[in-house]
Amino acid sequence: MQSLKRKPLVVVTRRLPEVVETRMRELFEIRLNPDDKPLAQEALAAALREADVLVPTVTDEIDSGLLAQAGPNLRLIANFGNGVDHIDVAAALERGITVTNTPGVLTEDTADMTMALILAVARRVTEGARIIPDDAWDSGWSPTWMLGRRITGKRLGIVGMGRIGQALARRAKAFGLQIHYHNRRRVPGTIERDLDATYWESLDQMLARVDIVSVNCPHTPATYHLLSARRLKLLKPEAIVVNTARGEVIDESALARLIEAGDVSGAGLDVFEQEPSVSPRLIKLARAGKVVLLPHMGSATHESRIDMGEKVIINIKTFMDGHRPPDRILPSML
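None of the values given here were measured: they were computed from a predicted structure.

Peer 1: Help me understand the packing of helix α5 (residues 107–122) against helix α7 (residues 163–174) in this model?
Peer 2: Axes are the key here: two packed helices are described by the angle between their axes and the distance separating the axes. The geometry of α5 relative to α7 is characterised by a closest axis approach of 8 Å and an angle of 50 degrees between their N-to-C directions. Considering their axes alone, α5 and α7 lie oblique with respect to each other. Between α5 and α7 lies a crossing whose hand is right-handed. Mapping the contact onto sequence places T107, E108, T110, A111, D112, T114, M115 and I118 in α5 and R163, I164, A167, L168, R170, R171 and A172 in α7.

Peer 1: Would you explain the sheet that holds strand β5 (residues 98–100) in this entry?
Peer 2: What holds strands together in a sheet is hydrogen bonding between their backbones, with the strands either parallel or antiparallel. Strand order in the open sheet made by the five strands is β2-β1-β3-β4-β5, with parallel pairing throughout. Each of the sheet's edge strands pairs with one partner strand only, and the pair in question is β2 (29–31) and β5. Adjacent strand axes in the sheet meet at a mean angle of 20 degrees when their direction is disregarded. Where strand β1 (residues 9–12) meets strand β3 (residues 53–55), three bridges bridge the pair, whose relative direction is parallel. Counterpart to V10 in the pairing with β3 is V53. Taken strand by strand, helix α13 (residues 302–320) contacts β1, β3, β4 (76–78) and β5, and its axis lies near 165 degrees from that of β4.

Peer 1: How should the packing of aromatic side chains be read in this particular structure?
Peer 2: Working definition: an aromatic ring pair is given by the centre-to-centre distance plus the angle between the planes. In the structure shown here, the tally under the stated rule is one aromatic pair. Taken together, a centroid distance of 5.2 Å and an interplanar angle of 45 degrees make the contact between Y181 and Y199 tilted. Remark: Y199 occurs in strand β8 (residues 197–199) and Y181 occurs in strand β7 (residues 178–182); sequence separation between them is 18 residues.

Peer 1: What's the story with the pattern of salt bridges in this structure? I'm lost.
Peer 2: A side chain with one charge can pair with a side chain of the opposite charge if their charged atoms come near. Within the structure shown, the criterion is met by 17 salt bridges. R246 is the salt-bridge partner of D85, the closest N and O atoms lying 3.1 Å from each other. Here D85 is found in the loop between β4 and α4 (89–94), whereas its partner R246 is found in the loop between β10 (240–243) and α11 (252–260), with 161 residues between them in sequence. A residue is classified by how much of its surface remains accessible, and R246, at 14% relative accessible area, is buried. Measuring nitrogen to oxygen at the nearest pair gives 3.5 Å for the salt bridge that ties D327 to K311. Here D327, found in the segment after α13, pairs with K311, found in helix α13; they are 16 residues apart in sequence, far enough to count as distant.

Rules behind the numbers
- Residues numbered from 1 in each chain as written.
- Predicted model: local features only at pLDDT ≥ 70, side-chain atom pairs only at ≥ 80, totals over all residues.
- Heavy atoms only, no water.
- Axes fitted to C-alpha atoms, helices over the stretch in contact; angles between N-to-C directions.
- Helix = DSSP H or I, 4+ residues; strand = E, 2+ residues; numbered from the N terminus.
- Parallel < 35°, antiparallel > 145°, perpendicular 65-115°, else oblique.
- Left-handed = near helix turned anticlockwise from the far one by under 90°.
- Contact = heavy atoms within 4.5 Å.
- Pairing = 2+ DSSP bridges.
- Phe/Tyr/Trp six-rings, centres within 6.5 Å; stacked < 30°, edge-to-face > 60°.
- Salt bridge = Lys/Arg side-chain N within 4 Å of Asp/Glu carboxyl O.
- Buried < 20%, exposed > 50% of the residue type's maximum accessible area, 1.4 Å probe, protein only.

Quick look at the structure:
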């Protein structure tokens, strides 16, 4: 890698926090997206042809066909986000294009939102929050009205015990939940003891025994519909499912069917298979108070977005100075 004498042209596909954009203007030749709408494929292809560095987000699908149109100057894709399942990383690496992400800075905020969804579904928070504004609180308090489920003492099954899974486990332990987890590899014993966490090598066996399931693993070919129709049927009828990872990890149609039939109690979803499109069946269930749906808000804090932007800048600057960027995606990580 050689340093460029001129400022690199950095194309950013979505609006970023003002402080991040200002810093980028100081360091690079920058092209922003003032409309803050996802770029059409033609505009994205044009950006790949012109840029030295592309800064995409999860809303940009960068496949091998699009990468084949990349110009000779494109050497780095500095993703604004942790997940890179929307980028064909293997195809990029074959073309000599480095890919980076922004790991670590989303952990605490996403874990907060996951815990919030667990509480919202179990205690019917969003359903209850509509009652007073809708002027539907006619009879006042009642011993049998708006009953939810206590979470203290319940079993939480975490699918994916990485940074976010462990951060969720710390929060859940404080709420009195019993921590269970399934992961590709068992975490070190020191972590298990600190979290009082029980490891399940068999995902099927864990799902059959827990009261709450939280999906906290990345979307890869191996995790596509990891919670399949067959596995979802293993859940207790009173179980709830929470997903703040990627929509593709759960078979949404199967989940909706099971909730409609009363075979699963409910769900809290922040991500969806075809977002921003959401299944009409899920929307109907949300209106009936069976599920809580959020528009991919898990990491949506001012602090998180600024931290992400700072990581993007560090990755670009390091790369353009002729060094390996700290958050480079390696083939072994895919």
